[in-house]
Amino acid sequence: SSQFVLQIKSSISVNSNMLSVSDVLDINDFNFKPSHNMKYMPVDLSRELPKVLVTGFWPPTNEMIRHFSKNQELNPAGWQGEDWESLGYDVVSYFPEFEVPDCDNCGQGYGDLEVDYQDTSNDFWDIVEEIEPITIITFSRGFIDHSWEVEYNYHNRVNWYADYSTPFFPTPNPPDDSVPTNHVRHSSLPMQNIVDAINNSDLGLNSYIDLQGDPGHFVSEFMGYHGVWYHDINVESCVVAGHIHVGGLIDWDTAKEATEISISKTIDYLDQFSYTEGDVNADGVIDILDLVILVNVILGSQELDLIETYAADMNLDGLINIQDIILIINLILT
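The model shown is predicted, which means the values in this text are computed figures rather than measured ones.

Scoring rules and cut-offs
- Residues numbered from 1 in each chain as written.
- Predicted model: local features only at pLDDT ≥ 70, side-chain atom pairs only at ≥ 80, totals over all residues.
- Heavy atoms only, no water.
- Helix = DSSP H or I, 4+ residues; strand = E, 2+ residues; numbered from the N terminus.
- Buried < 20%, exposed > 50% of the residue type's maximum accessible area, 1.4 Å probe, protein only.
- Contact = heavy atoms within 4.5 Å.
- Pairing = 2+ DSSP bridges.
- Axes fitted to C-alpha atoms, helices over the stretch in contact; angles between N-to-C directions.
- Polar contact = N/O pair within 3.5 Å; in protein donor to acceptor, adjacent residues only side chain to side chain.
- Phe/Tyr/Trp six-rings, centres within 6.5 Å; stacked < 30°, edge-to-face > 60°.
- Lys NZ or Arg CZ within 6 Å of the ring centre and 35° of its normal.
- Core = buried A, V, L, I, M, F, W, Y, C linked by side-chain atoms within 4.5 Å.
- Expected span 1.5 Å × (residues − 1).
- Disulfide = S-S within 2.5 Å.
- pLDDT = per-residue confidence, 0-100.
- Patch = residues over 30% accessible without salt bridge, like charges linked within 9 Å, V, L, I, M, F, W, Y side chains within 5 Å.
- Areas by Shrake-Rupley, 256 points an atom, 1.4 Å probe, with all protein chains shown as cover.
- Salt bridge = Lys/Arg side-chain N within 4 Å of Asp/Glu carboxyl O.
- Lys, Arg positive; Asp, Glu negative; His and termini not counted.
- Charge placed at Lys NZ, Arg CZ, Asp CG, Glu CD.
- Parallel < 35°, antiparallel > 145°, perpendicular 65-115°, else oblique.
- Nonpolar A, V, L, I, M, F, W, Y, C, P; charged D, E, K, R; others polar.

### Side note on the environment of Ala 255
Point 1. Within the fold, Ala 255 resides in helix H4 (residues 252-270).
Point 2. Judged by its relative accessible area of 0%, Ala 255 is buried.
Point 3. What Ala 255 contacts, discounting residues up to four positions off in sequence, is Pro 60, Met 64, Trp 148 and Ile 250.

Here it is in structure tokens:
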């Protein structure tokens with residue numbers, strides 16, 4: 001049928017202001033292409049796949065994410081992050097290169113990123129503007145051991161250690177003028193899930209959350225701060241962000257496996273925020289039950305949580321109304 005009748009039976013009094021249809025609407029007037037199998041993040045509706053951004057600095061952190069680089073010079077084997085593990089996310093990496101790949105005193109490096117305050121900040125903001133990541137995991141080398149240290153705190157500090165070229169400290173300093181000096185931002189990564197998965201693996205690493213410790217006062221913490229800073233000012237589009245310090249004694253292959261475990265656990269967490277348009281009750285089927293929920297919402301007898309609201313707002317106008325019902329009916333009839 002190209003037309004429909006919406007009959008509402010309610011136990012509450014309905015006045016004329018609660019529902020209004022200004023014209024007879026023909027389903028054929030709505031040129032809407034259904035996408036039953038498409039998965040979306042709450043504020044990531046326009047993209048084919050959401051982006052997971054990972055960055056590294058000194059080895060092993062640059063080497064362990066090399067396979068996620070789109071730069072053919074840095075990753076001649078080819079990008080392996082497209083729809084990574086068929087999980088519905090692209091993983092993209094950025095990192096510096098060093099003259100001696102397995103270096104101890106590595107210095108600033110060169111390439112997509114550099115271990116330098118000004119270059120790190122400038123490159124970071126260019127990168128996130130381009131790819132608009134749904135999550136950010138920044139990595140850097142930590143203690144010279146086999147640790148996988150998930151940092152919780154990042155400071156808008158002024159007392160940084162000098163880097164390798166002038167100016168030796170961040171400019172401006174502190175870097176974030178939107179908050180007071182020494183303001184602390186926090187990781188939103190699923191930290192315990194990552195730690196448990198690493199420790200329960202056979203990699204032999206010591207993973208833990210650093211709740212009260214010092215993230216370093218150096219470019220590593222500076223990068224970590226940028227990640228959580230971006231998350232905090234784009235919280236509706238960047239769901240989680242945080243930094244991991246990687247032990248300097250971990251070999252590249254082991255570090256790569258631990259990185260992928262960390263990304264996988266983060267994606268598992270992100271999937272809690274995903275939805276299918278029209279499937280308001282998230283039962284995997286778009287049907288009359290979803291329409292009933294929308295009618296109840298319009299009548300004021302039911303409220304939706306955030307994810308249900310995104311699934312219900314079919315035309316993305318910020319309202320739940322008769323137009324969303326029509327579009328869901330279109331999906332059902334298609």
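Structure's up, so let's keep going.
### Some remarks on the sheet that holds strand E1 (residues 51-55)
Point 1. Strand order in this open sheet of six strands is E2-E1-E5-E10-E6-E9, and the pairing throughout is mixed. Every other strand in the sheet has two partners, leaving strand E2 (90-94) and strand E9 (206-210) as the edge strands with one partner each. Neighbour-to-neighbour, the strand axes of this sheet turn through a mean angle of 20°, independent of strand direction.
Point 2. In this sheet, strand E10 (residues 240-246) lies alongside strand E5 (residues 135-141) in parallel orientation, the contact comprising seven bridges. Bridge pairing in E10 places Thr 138 opposite His 243.
Point 3. Contacts between helix H2 (residues 191-200) and the sheet are confined to strand E6 (147-151) and E9, with E9 contributing the most and set at about 165° to the helix.

### With respect to the side chain of Ser 69
Point 1. Tracing the backbone shows Ser 69 in the loop between E1 and E2.
Point 2. In terms of polar contacts, Ser 69 uses its side chain to reach the backbone amide nitrogen of Asn 71, at 3.0 Å.
Point 3. Among residues more than four places away in sequence, those in contact with Ser 69 are Leu 74, Asn 75, Trp 79, Ser 93, Phe 95 and Asp 112.

### Thoughts on the packing of aromatic side chains
Point 1. Inspection of every chain in the model, using the stated rule, returns 13 aromatic pairs.
Point 2. Each member of the aromatic cluster is reached from another via a ring pair, and the members are Trp 58, Tyr 117, Trp 160, Tyr 164, Phe 218 and Phe 222.
Point 3. Taking NZ or CZ as reference, Lys 70 lies 4.4 Å from the ring centre of Trp 79, over its face.

### Observations regarding the nonpolar core
Point 1. Among the nonpolar cores identified, the biggest contains 32 residues, and Val 54, Phe 139, Trp 148 and Ile 263 are the most heavily contacted of them.
Point 2. Of all the secondary-structure elements, those providing two or more residues to this core are E1, E5, E6, H2, E10 and H4.
Point 3. If we skip the residues at most four places from it in the chain, Val 54 touches Ile 65, Phe 68, Val 91, Val 92, Ser 93, Tyr 94, Ile 137, Phe 139 and Ile 263.

### Concerning helix H1 (residues 117-131)
Point 1. Here H1 contains 15 residues, and its C-alpha end-to-end distance of 21 Å stays within 8% of the 21 Å for a straight helix at 1.5 Å per residue.
Point 2. Elements that come into contact with the buried residues of H1 comprise E1, E2, E5 and helix H3 (219-233).
Point 3. Near the N-terminus of H1, the side chain that reaches the backbone nitrogen of Gln 118, with its oxygen 3.1 Å away, is that of Asp 116.
Point 4. Two residues or fewer after H1 comes Glu 132, characterised by a positive phi angle close to 45°.

### Section: the state of the cysteines
Disulfide: a covalent bond connecting the sulfur atoms of a pair of cysteines.
Point 1. Evaluated as defined, the whole model comprises one disulfide.
Point 2. Disulfide partner of Cys 103: Cys 106, at an S-S distance of 2.0 Å. For the disulfide bridge between Cys 103 and Cys 106, the dihedral angle about the S-S bond is near 105°, and by the sign convention the bridge is right-handed. One exposure class covers both Cys 103 and Cys 106, and it is buried.

### Let's talk about the confidence of the model for the chain
Point 1. Per-residue confidence for the chain averages 88 on the pLDDT scale, and 86% of its residues sit at or above 70.
Point 2. Segment residues 20-47 is flagged for pLDDT under 50; beyond a separation of four residues in sequence, or across chains, it makes 61 contacts in the model.

### Some details on a negative patch on the surface
Point 1. Together, Asp 202, Asp 251, Asp 253 and Glu 257 give the surface a local cluster of negative charge.
Point 2. Judged by relative accessible area, which is 42%, Asp 251 ranks as partly exposed.

### Some remarks on the packing of helix H5 (residues 288-299) against helix H7 (residues 322-333)
Point 1. Running from N to C, H5 and H7 cross one another at 175°; their axes reach a closest spacing of 10 Å. Relative to H7, H5 is oriented roughly antiparallel. Contact with H5, carried on its side by Ile 288, Leu 291, Leu 294, Val 295 and Ile 298, involves Ile 322, Asp 324, Ile 325, Ile 328, Ile 329 and Ile 332 of H7 and no other residues of that element.
Point 2. Residue composition of the contact of H5 with H7, by class: ten nonpolar, no polar and one charged.

### Some points on the environment of Asp 176
Point 1. Here Asp 176 lies in the loop between strand E7 (153-155) and strand E8 (184-186).
Point 2. In this structure Asp 176 comes out as buried when scored by relative accessible area, which is 1%.
Point 3. Through-space distance from the C-alpha of Asp 176 to that of Asn 156 is 6.3 Å; in sequence the pair is 20 residues apart.
Point 4. Sequence-distant contacts of Asp 176, that is, excluding residues within four places in its chain, are made with Asn 156, Arg 185, Tyr 225 and Trp 229.
Point 5. Within the structure, Asp 176 has its side chain in polar contact with the side chain of Tyr 225 (distance 2.7 Å).

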